[in-house]
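Coordinate analysis (summary)
Okay, here's what each chain looks like letter by letter:
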Amino acid sequence: MNQVMPHKRTFQKRESGYALVIVLLVITVFSVLGLTVMSVSFNHTKQFSKETTQTQALNVAEMGLKAYNKELQSKLLDVSEVTQTNFKDKVIEILPGTLDSSSNLVINSMQGNPCYTVTHGEVGDPTDDKITVTITSRGTTNDGIQVIMQKITFEYRPVDTAATGDADHTPPYMGLSLPYISGGYHNGYLSWLPADYTPKWISEGDFVHQGDAYVNNNTVIISGRRPTTNDVVHQTVDLTTVKNQFKNMPLSYPANQPINGAASINEDAVMQAEYNGSVNFNSFNLKKSNPSVTIDGKAFLASSINSGNLDEGTIIFNDDVAINGDLNAGNKIHFLFKGNVYIDGAINASDHTSMSFEKSLFINGSNINLNNDSTISVNGNLNVANGSLNGSSRSSALFNGNVYFNHDYNSSGSHHFYGYVFINGSFNNSGPLTFERTVYVRKDFYPKAKGYSVIFKNGIITAGNNASFETSGNGEIVINAQLRGGGESEDDHNDGNQSLISIIDTKTNYQ
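All figures in this text were calculated on a predicted structure; none of them were measured in a lab.

Let's talk about the overall build of the protein
Each helix and strand counted, the protein has five helices and 43 strands in total. The 511 residues of the protein split such that 49% are buried. Contacts spanning at least 24 positions in sequence make up 42% of the contacts within the protein whose residues lie at least 6 apart.

Next comes the structure, spelled out in structure tokens:
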């Protein structure tokens, strides 16, 4: 029988002891590594969650500021009897009071309990007929607060011939004063249904149309009343001069080419949170890991902007931007362009995306396509040189400047236009609209008001062969008369008062 020698048994015991120590060391190392990974992951998740709530708070603050400016613009259009003496009082009169989101069903339905409150600061005494007021929009969520401050400078401008133009033109607005086109319904057979109203001529200059016109059902109001079958005049409408003025209206935009001396970014994705100075981007693909990006200088983008799988981000361009491609935006991202913008492609927006252009916008490629609760606002003049506006029923748009669309207007969204509008095609809407100034349509005119209002406050001029008004569900189409230069109207339902208070400067600061 073999026996194990004593020194061999001792060696085996030592070997077992070493193995146990190694196993314990390995377990300890992996435990430390595991805890480290868990800690890093937890901190990353916490940081990402914090950035998400901060972004949501910022988006809500921007929504509040946009709602405040919309109400301010509406009040600015209605202000009257302004003098140098009462200028300050009139500014106080048009400034909305505290505005909050308590009645906004969309915001109230969001997770995180977001809300906004917008207030204005003290209104000081005028200096050189100018007053600057600070607007503060505060967006809050369960875990975040973001504040946006906007300084708006108002100027008192006395009425004189130079300021309001002559009687043969419309009042000037952001570089446009257009020929006044007189007349009523033109060059075709007019069929109004129903026609059981006392015949009365429609006031000159409200609806000028070359071709046949039809009204079906419910409510169409022109110059304060419903039209009849006797409201027929014959005259040719030529919009050639007007179209050329729109195409050449004041509108600044950067060249669609790389910026000399600018830094070049060749990565496939946008990797930094901030870029200082002017930048040339080879591509502009956004990533989830970088939800907020700021470009401080001028920018040239050699290809399209793609939001990718980024969710609830904020992208800010502080200066002029040229995009050699499309602007593809989705997933609740907010784009803010503080300079003039050139886009050699289309705007494709969806999924609660919002886009704000604080100056002029020139789109040389294709259409503005708004889908799925997306919004757009443009403060300067807009030229869609090779397209138009297509919006879904849940989209919204606000245009403060003059607008040129080169193709048919096909949209069912809620849109508000403060400047003159030229549509180099047909007008086909199916959503609520308000036009504060005269609208020019080169082809056919098919307005619809199905349970909502379509309002033309300063007349509609069309050169097409057909016009058909359609209303239902208590919808209404309202057309008022054009304004002549000097603030005079051809119709006594519109007193023609032109605002003597103008907004000459707006500066936005993100806190």
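Concerning a nonpolar patch on the surface
Taken together, the side chains of Ile22, Val26, Val29, Phe30 and Leu33 present a nonpolar region at the surface, about 480 Å² in accessible area. Residue position: Val29 is located in helix α1 (residues 6–78).

Some details on helix α2 (residues 87–94)
An α-helical segment advances 3.6 residues per turn. Residues three or four places apart therefore align on the same side. Every buried residue of α2 is listed here: Phe87, Lys90, Val91 and Ile94. Down the axis of α2, the buried side of the element spans an arc of 105°, and every buried residue falls inside it.

Comments concerning the side chain of Ser411
Tracing the sequence through the fold places Ser411 in strand β31 (residues 409–411). Take Ser411: its relative accessible area is 5%, and that puts it in the buried class. Within the local environment of Ser411, its side chain forms a polar contact with the backbone nitrogen of Gly391, the two atoms lying 3.2 Å apart. Polar contacts involving the side chain of Ser411 include one to the side chain of His415, which spans 3.5 Å. The residues contacting Ser411, other than those within four sequence positions of it, are Leu389, Asn390, Gly391, Asn428, Asn429, Ser430 and Gly431.

Let's talk about the layout of surface pockets
Space inside the second largest pocket adds up to approximately 1,200 Å³. Lining the second largest pocket are 40 residues, with Met63, Asn104, Val106, Thr375 and Ser396 positioned closest to its centre. For the lining of the second largest pocket, the secondary-structure elements that each account for two or more residues are α1, β26 (375–378), β29 (396–399), β32 (414–417) and β35 (433–435). At eleven residues, α1 tops the list of elements feeding residues into the lining of the second largest pocket. Of the residues contributing to the lining of the second largest pocket, the split by class is twelve nonpolar, 19 polar and nine charged.

Observations concerning unusual backbone geometry
Phi is positive for His352, which is not a glycine, with a value near 65°. Residue classification places His352 among the partly exposed positions, given a relative accessible area of 37%. Unlike most non-glycine residues, Asn372 shows phi in positive territory, near 50°.

Basis of the calculations
- Residues numbered from 1 in each chain as written.
- Predicted model: local features only at pLDDT ≥ 70, side-chain atom pairs only at ≥ 80, totals over all residues.
- Heavy atoms only, no water.
- Helix = DSSP H or I, 4+ residues; strand = E, 2+ residues; numbered from the N terminus.
- Buried < 20%, exposed > 50% of the residue type's maximum accessible area, 1.4 Å probe, protein only.
- Contact = heavy atoms within 4.5 Å.
- Patch = residues over 30% accessible without salt bridge, like charges linked within 9 Å, V, L, I, M, F, W, Y side chains within 5 Å.
- Areas by Shrake-Rupley, 256 points an atom, 1.4 Å probe, with all protein chains shown as cover.
- Salt bridge = Lys/Arg side-chain N within 4 Å of Asp/Glu carboxyl O.
- Arc of directions from axis to C-beta.
- Polar contact = N/O pair within 3.5 Å; in protein donor to acceptor, adjacent residues only side chain to side chain.
- 1 Å grid on protein atoms, 1.4 Å probe; cavity = no way out; pocket = protein on both sides within 12 Å on 5 of 7 lines; lining within 4 Å.
- Points joined across faces, edges and corners; volume = space filled by probe spheres on them.
- Nonpolar A, V, L, I, M, F, W, Y, C, P; charged D, E, K, R; others polar.

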